[in-house]
Amino acid sequence: MADLRNNFVGIKSPNPFWLASAPPTDKAYNVERAFKAGWGGVVWKTLGEEGPPVVNVNGPRYGAIWGADRRLLGLNNIELITDRDLYTNLREMKQVKMNWPDRALIASIMVPCEEQAWKSILPLVEETGADGIELNFGCPHGMSERGMGSAVGQVPEYIEMVVRWCKQYTRMPVITKLTPNITDIRRPARAAKAGGTDAVSLINTINSIVSVDLDNFAPNPTVGGKGSHGGYCGPAVKPIALNMVAEIARDPETYGLPISGIGGITTWRDAAEFLVLGAGNVQVCTAAMTYGFKIVDEMISGLSDWMDEKGHRTLDDITGRAVPNVTDWQYLNLNYVAKAKIDQDACIKCGRCHIACEDTSHQAITSVVNGLRHFEVIEEECVGCNLCVNVCPVENCITMEPLAAGTLDKRTGRVVDPNYANWTTHPNNPMARQAAE
C-alpha cells in the first residue's frame, strides 16, 4: 500500500490533505471533528491582533455559481478573518494540538504591516505548540481595505519585509500564502523566498462578484440591499491555481521552494494534479464546506489506490513529476500532427460535434453521408483542435489520433516531419528571420 505520510518543511502529518484556513477551521469543535474524519492537518482560521476582534456581517456571506445539475462550481465569500477573541482561539489551538500530536496544526495570521504587530503575536502563537504559521497575504476583501491581506500580497517588497520579521521572531516554519490577484505570481513568490520563507501556499481567493440580483440591482450575496466584491473559490478556480503552482515550481528563481497547493481541490485526482505540478501537500476548503469532512475518505483511498496501481510508493515519487513537461507555447512541437476520430459504435448521433465544428471551427465533421445522418471527420479539413472531443457528451467517443512520421497530412499536403521544431526557428517567425540575417 502506498505510503501517504507527509513531511512538509519539517511539519509531519499522516497524509497530505490539510483543511485550509476558512470557516471549517474556526474553532476546536470543527477541527476535532476534522481530525476524527481523517484530515492530516488544518490551517486554523486566520487570527488577528490582540484587542476587539473583527466584525462580520450578520446576513448572507456566500454567493455561488452552479452547474446545470445544481452542482456547486464556484463559491464567493465576503467573510473576514476570525471574529472570535484571539486568546480563545489560542487556548483552543493549544488543547487541540495536545489532543492530536500526530496532526499538523498551522496558525494563519494577519496583523497590520508593522514590525511590532508581528513581533507581538508570534510568541503567543508559538506557545500553543502550533507546527508552523501561514502568513495571510491573500484575502481580497474587507481586510485588504485595512492595509492587510492582498494589499500586502500585491507588493513584493512588503512580502519580503514581513517574512523577514517572522523569520527573525519565531522558530516555527513560515508558510507565505499568496494572492492570485496579481499579474505575475512569480514576483511575490520570489520576494517570499528572498525574505527567507520556508514555503509558499497558493492560491488564496480571487476577487469577484459572482452574480447580480436583477430584482434589487445589487451584487450577491446581498446584505441590506447592497453587495460587495468577495473571494472566489471552488472547482472553477482550479485551472488558475494549477497554472500558478506550476509557474512557481518551474521558475529558476523559485525552483525547489516548497508549495502547499490550494484551489478547487474536490477529489483525489485534483490533489494528484497539484502534487505532480510541484505541490508538497494540498489544502481543501470549498469541498469540505459542500460535502462535509468525510470527503477526505475518498481523497485518501483514491490517491492511495492510484499510486498503488501506478507503482508509486511514496509522495516523493510523484511530487513535481509533471513540472518538466510544462513549457511555454513557443517551445511546443509544431511538427506534431493529430486528427480527431469518431468511434461509430459509441456515437449517439447527437450532432454536437458537427454543430460546434461547423459553426465555430473548421467545418471538418459531416452531418449526412449517403443521405443518412452520420458524423465523420473530414481529414482534409481537421486541424486537430479537439473541440469536438470536449463537446461530445460520450466519454472517449471521439479521440485524438497522432499521425505517424512519414504519413501524409491531407490538410496541408505535407508529410509529417519526425524532427522536433518550434516557433523560435519557424520561417514565419520574424524574430527568427532577423536572427538568421
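In the nomenclature of an unreviewed UniProt entry, the chain corresponds to dihydrouracil dehydrogenase (NAD(+)) from the organism Rhizobium lentis. Quoted verbatim from the Function (unreviewed entry) field of the UniProt record, the comment on the chain reads "Involved in pyrimidine base degradation. Catalyzes physiologically the reduction of uracil to 5,6-dihydrouracil (DHU) by using NADH as a specific cosubstrate. It also catalyzes the reverse reaction and the reduction of thymine to 5,6-dihydrothymine (DHT)." The chain has a UniProt comment under Sequence similarities (unreviewed entry) that states "Belongs to the dihydropyrimidine dehydrogenase family."

Enquirer: Sorry if this is basic, but what is going on with the overall build of the chain here?
Expert: Assigned secondary structure in the chain consists of 13 helices and 22 strands. A principal-axis box enclosing the C-alpha atoms of the chain has dimensions of 80 × 55 × 50 Å. The contacts of the chain with a sequence gap of at least 6 include a subset with a gap of at least 24, amounting to 70%. A total of about 21,000 Å² of accessible surface is found on the chain, and carbon and sulfur atoms cover 51% of it. Within the chain, the 50 negative side-chain charges are centred at a point lying 2 Å from the centre of the 41 positive side-chain charges.

Enquirer: Would you mind going over empty space enclosed by the protein with me for this structure?
Expert: Empty space among the atoms can be located by rolling a probe the size of a water molecule over them. Using the criterion set out here, one finds four cavities of 30 Å³ or more in the structure. Within this model, the largest cavity holds a volume of roughly 490 Å³. At the level of secondary structure, the elements contributing two or more residues to the lining of the largest cavity comprise β4 (41-47), β6 (72-77), β14 (230-233), β16 (281-284) and α9 (286-291). Take the lining of the largest cavity: its biggest share by element is three residues, from α9. Looking at the lining of the largest cavity residue by residue, the class counts come to 19 nonpolar, 13 polar and three charged. Of the volumes computed, that of the second largest cavity is approximately 110 Å³. As for the second largest cavity, its lining consists of 15 residues, of which C357, A364, C382, C385 and C388 are closest to the centre. Across the lining of the second largest cavity, the residue classes tally to eleven nonpolar, four polar and no charged.

Calculation criteria
Residues numbered from 1 in each chain as written. Predicted model: local features only at pLDDT ≥ 70, side-chain atom pairs only at ≥ 80, totals over all residues. Heavy atoms only, no water. UniProt positions renumbered as here; feature names shortened; annotations may be inferred. Helix = DSSP H or I, 4+ residues; strand = E, 2+ residues; numbered from the N terminus. Contact = heavy atoms within 4.5 Å. Areas by Shrake-Rupley, 256 points an atom, 1.4 Å probe, with all protein chains shown as cover. Lys, Arg positive; Asp, Glu negative; His and termini not counted. Charge placed at Lys NZ, Arg CZ, Asp CG, Glu CD. 1 Å grid on protein atoms, 1.4 Å probe; cavity = no way out; pocket = protein on both sides within 12 Å on 5 of 7 lines; lining within 4 Å. Points joined across faces, edges and corners; volume = space filled by probe spheres on them. Nonpolar A, V, L, I, M, F, W, Y, C, P; charged D, E, K, R; others polar.

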